Amino acid sequence: MTQDNRVQTGHQANPRNHTNPTTASSAQPQNPHSQRPQTKSGLRWRTVDIIVTVVIAVAVGVVFWAVAAIWGVFELWTVAFPPLVGLFGGIWVLAGPLAGIIVRKPGAAIIAETLAAAVEAVLGSHFGATAIISGLLQGAGAEIVFLAFFYRKWNLPVMLLSGLGAGITLVVGEIVMYFAEWAMTFKVVYAACGIASSIIISGLGAWLLWRAIVPTGALSAFASGRTEARTDRTARTTPRQHTTPNRT
């Protein structure tokens with residue numbers, strides 16, 4: 001064997017001397033469905049965001065009006081211990097968290113909650129214009145939580161916190177406007193019931209409503225619909241890894 005052949009053979013026997021760019025690039029697959037933080041442009045309001053926020057506000061506002069119309073029934077159930085009426089308080093703060101998780105734009109929660117309260121007042125709630133003040137405060141309570149996470153996290157813990165924030169503003173406003181003459185014990189019990197109700201009804205409830213709406217495709221124009229749909233598709237298409245027991 002000549003020296004040239006030996007050199008050529010050695011070159012072929014050592015494939016590590018050259019790197020295949022195609023192989024190297026394929027070794028690091030890119031995930032097209034990876035979730036990126038929302039940019040400033042992603043936080044800008046679009047026409048569809050405005051429309052859906054108004055629709056949510058009107059729909060929940062009608063619910064507010066219906067609940068206000070039969071509020072005496074709720075008070076009748078708690079006549080033996082009035083502070084327990086706070087157990088139903090979470091109904092009043094649903095619009096903010098629901099609009100927040102669906103629209104995911106700054107101000108969606110406070111706008112939706114305030115508009116819903118205005119719809120309730122216009123339809124003839126016996127709470128009158130004070131409902132609008134309550135809606136503004138309660139929407140702000142949920143909005144502060146979303147702002148604290150820079151409108152980037154929308155998981156269940158964040159939604160429960162939004163219910164907590166809305167619940168705190170709910171009980172503070174209600175105690176000041178309607179229950180100022182109650183004894184401190186009554187106020188504390190009412191606050192505990194109202195906050196717990198808000199966490200469950202508006203925090204957990206809004207999250208469950210959002211999860212129920214996504215499969216219908218109605219939220220395909222929103223990040224809230226596309227993100228969940230991608231997660232579901234990825235979970236269905238990811239192959240399961242089977243391990244073989246190591247026999248010795």
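Report follows, based on the coordinates. (Residues numbered from 1 in each chain as written. Predicted model: local features only at pLDDT ≥ 70, side-chain atom pairs only at ≥ 80, totals over all residues. Heavy atoms only, no water.)

Concerning the environment of Leu170
Move 1: By the element assignment, Leu170 lies in helix H8 (residues 156–177).
Move 2: Assessed through its relative accessible area of 1%, Leu170 is described here as buried.
Move 3: Taking the C-alpha atoms as reference points, Leu170 and Gly89, separated by 81 residues in sequence, lie 7.7 Å from one another.
Move 4: Not counting residues within four places of it along the chain, the set of residues in contact with Leu170 comprises Gly89, Gly90, Trp92, Val93, Gln138, Gly194 and Ser198. (Helix = DSSP H or I, 4+ residues; strand = E, 2+ residues; numbered from the N terminus. Buried < 20%, exposed > 50% of the residue type's maximum accessible area, 1.4 Å probe, protein only. Contact = heavy atoms within 4.5 Å.)

Quick notes on a nonpolar patch on the surface
Move 1: On the surface, Trp45, Ile50, Val54, Val58, Val62, Trp65, Ile111, Leu115 and Leu123 cluster together into a nonpolar patch covering about 710 Å² of accessible area.
Move 2: Take the nonpolar patch: its biggest share by element is five residues, from helix H3 (residues 47–69).
Move 3: Mapped onto the secondary structure, Val62 falls in helix H3.
Move 4: On the basis of relative accessible area, Val62 is assigned to the partly exposed category, the value being 38%. (Patch = residues over 30% accessible without salt bridge, like charges linked within 9 Å, V, L, I, M, F, W, Y side chains within 5 Å. Areas by Shrake-Rupley, 256 points an atom, 1.4 Å probe, with all protein chains shown as cover. Salt bridge = Lys/Arg side-chain N within 4 Å of Asp/Glu carboxyl O.)

Section: the packing of aromatic side chains
Move 1: Here the structure, examined in full by the defined rule, presents 15 aromatic pairs.
Move 2: Over the face of the ring belonging to Phe222 we find Arg46, whose NZ or CZ atom lies 5.5 Å from the ring centre. (Phe/Tyr/Trp six-rings, centres within 6.5 Å; stacked < 30°, edge-to-face > 60°. Lys NZ or Arg CZ within 6 Å of the ring centre and 35° of its normal.)

Digging into the packing of helix H5 (residues 95–103) against helix H9 (residues 184–213)
Move 1: For the pair H5 and H9, the least separation of the axes is 8 Å and the interaxial angle reads 40 degrees. By the angle between their axes, H5 is oblique relative to H9. Between H5 and H9 lies a crossing of right-handed hand. Where H5 abuts H9, its residues Pro97, Leu98, Ile101 and Ile102 lie against Ser202, Ala206, Trp207, Leu209, Trp210 and Ile213. (Axes fitted to C-alpha atoms, helices over the stretch in contact; angles between N-to-C directions. Parallel < 35°, antiparallel > 145°, perpendicular 65-115°, else oblique. Left-handed = near helix turned anticlockwise from the far one by under 90°.)

Thoughts on unusual backbone geometry
Move 1: At Phe150, a position not held by glycine, the phi torsion is positive, near 55 degrees.
Move 2: Here Phe150 shows up in the loop between helix H7 (130–148) and H8.
Move 3: You can call Phe150 exposed: its relative accessible area is 58%.

Quick word on the nonpolar core
If you look at soluble globular proteins, the nonpolar side chains tend to sit buried side by side.
Move 1: Counting 49 residues, the largest nonpolar core has Trp71, Trp92, Ile102 and Phe146 as the members making the most contacts within it.
Move 2: Within the residue set of this core, elements represented by two or more residues are H3, helix H4 (71–77), H5, helix H6 (108–123), H7, H8 and H9.
Move 3: Here this core gets seven residues from one element, more than from any other, and that element is H3.
Move 4: Not counting the four nearest positions on each side in its chain, Trp92 is found in contact with Phe64, Val67, Ala68, Trp71, Glu113, Glu120, Phe127, Gln138 and Leu170. (Core = buried A, V, L, I, M, F, W, Y, C linked by side-chain atoms within 4.5 Å.)

Topic: the pattern of salt bridges
Move 1: Summed over all chains, the structure comprises two salt bridges.
Move 2: Arg46 is the partner of Asp49 in a salt bridge, and the nearest nitrogen-oxygen pair spans 3.0 Å.
Move 3: As a salt-bridge pair, Asp49 and Lys105 come within 3.6 Å of each other at their nearest N and O atoms. A residue pair is termed long-range when its members are at least 10 positions apart, and Asp49 in helix H3 and Lys105 in the loop between H5 and H6 qualify at 56 residues.
Move 4: Overall, the relative accessible area of 0% leaves Asp49 in the buried class.
Move 5: The structure contains a network of salt bridges with shared partners spanning Arg46, Asp49 and Lys105.

So, H6
Move 1: Given a rise of 1.5 Å per residue, 16 residues ought to cover 22 Å, and the 22 Å separating the end C-alpha atoms of H6 matches this to within 8%.
Move 2: Turning to H6, its buried residues number three or more, namely Ala108, Ala109, Ala112, Glu113, Thr114, Ala116, Ala117, Val119 and Glu120.
Move 3: Among the structural elements, H3, H5 and H7 are those in contact with the buried residues of H6. (Expected span 1.5 Å × (residues − 1).)

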